[in-house]
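Results of the structural survey
So the chains spell out like this:
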Amino acid sequence: KIICCILETEVKMEEFLSEISYVQVPAYRFAKKSKISQNPEDEVIAEMMDWMKQNNLAPENSRGIGYDIPVSKEYQEKGCRGYAFCQSIPEDFDIQDDVEVIQFQGGHYAKLRIDNPMEDPFKKIPAGWNHLMETLKERNLLDHNWGEGTCFEECLMTDKGQIMDIYIRVKEAF
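Residues numbered from 1 in each chain as written. Predicted model: local features only at pLDDT ≥ 70, side-chain atom pairs only at ≥ 80, totals over all residues. Heavy atoms only, no water.

Before going further, it helps to spend a moment on the nonpolar core. What tends to happen in soluble globular proteins is that the nonpolar side chains get buried as a cluster. Judged by nonpolar contacts, the single largest core of 16 residues is most densely connected at Ala110, Leu112, Ile114, Leu132, Leu136 and Ile166. Of all the secondary structure elements, the ones that give two or more residues to this core are strand S8 (107-115), helix H3 (121-138) and strand S10 (161-169). The biggest single contributor to this core is H3, with four residues. When near neighbours in sequence (up to four residues on either side) are disregarded, Leu112 contacts Leu17, Ser18, Glu19, Ile20, Gly128, His131, Leu132, Met164, Asp165 and Ile166. Counting residues in hydrophobic clusters, the runner-up holds twelve residues, among them Met48, Leu57, Tyr83 and Phe85. (Core = buried A, V, L, I, M, F, W, Y, C linked by side-chain atoms within 4.5 Å. Buried < 20%, exposed > 50% of the residue type's maximum accessible area, 1.4 Å probe, protein only. Helix = DSSP H or I, 4+ residues; strand = E, 2+ residues; numbered from the N terminus. Contact = heavy atoms within 4.5 Å.)

In structure tokens, the structure reads:
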């Protein structure tokens with residue numbers, strides 16, 4: 001499928017973006033780790049996978065989501081970015097270490113899929129976010145109650161390769 005995407009006032013046809021769908025995301029209990037560095041995504045995901053293994057939790061049986069977190073200007077000047085990664089955990093699992101527990105409320109979300117996002121991550125991922133955000137603004141569907149879990153991404157492996165689903169919370173009536 002080909003979708004028209006506006007980036008920096010230039011219209012580009014992007015074959016790696018899906019159509020936008022609207023989904024109900026269920027509530028989850030998540031273990032969360034955050035990282036600020038020059039490569040926070042890989043580092044914090046590796047830390048979370050180690051934590052899951054140490055606690056005898058199987059990542060393949062849970063949901064993992066991630067999202068950018070703000071960093072100070074000082075860190076930005078050093079080339080650092082912030083990223084949080086969350087892995088769903090059982091309701092009765094008792095955490096007794098440095099992992100934060102968050103209750104993700106779920107809700108109505110717009111979802112866009114990006115094919116092979118790591119093939120050109122600094123092109124494909126921003127193109128997906130820009131297209132999704134602009135479309136939701138045009139359709140007046142954004143839920144302006146911003147907070148944790150408003151926007152997130154989820155990487156999955158399929159028989160055709162890696163995909164990334166990106167989500168933005170929308171108004172209930174979609």
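In the structure shown here, the tally under the stated rule is ten salt bridges. A salt bridge links Lys78 to Glu74; the nearest nitrogen and oxygen atoms lie 3.6 Å apart. Residue Asp165 pairs with Lys111 through a salt bridge whose shortest N-O separation is 3.8 Å. One end of the pair, Asp165, is in strand S10; the other, Lys111, is in strand S8, and 54 residues separate them in sequence. We classify Asp165 as buried; its relative accessible area is 2%. Each member of the salt-bridge network shares a partner with another, and the members are Lys111, Arg113 and Asp165. (Salt bridge = Lys/Arg side-chain N within 4 Å of Asp/Glu carboxyl O.)

Right, let's talk about the packing of aromatic side chains for a bit. Following the criterion strictly, the structure yields eight aromatic pairs and no others. Ring geometry for Tyr28 and Phe30: centres 5.4 Å apart, planes at 35°, overall tilted. Take Tyr28: its relative accessible area is 22%, and that puts it in the partly exposed class. Geometrically, the ring pair formed by Phe104 and Phe152 is edge-to-face, given 5.6 Å between the ring centres and 90° between the ring planes. With a gap of 48 residues between them, Phe104 in strand S7 (residues 100-104) and Phe152 in strand S9 (residues 151-158) connect regions that are remote in the sequence. Residue classification places Phe104 among the buried residues on the basis of a relative accessible area of 6%. Looking at Phe152, the relative accessible area reads 1%, which means it is buried. An aromatic cluster is present here, built from Tyr28, Phe30, Phe104, Tyr109, Phe152 and Tyr167 joined pairwise through their rings. (Phe/Tyr/Trp six-rings, centres within 6.5 Å; stacked < 30°, edge-to-face > 60°.)

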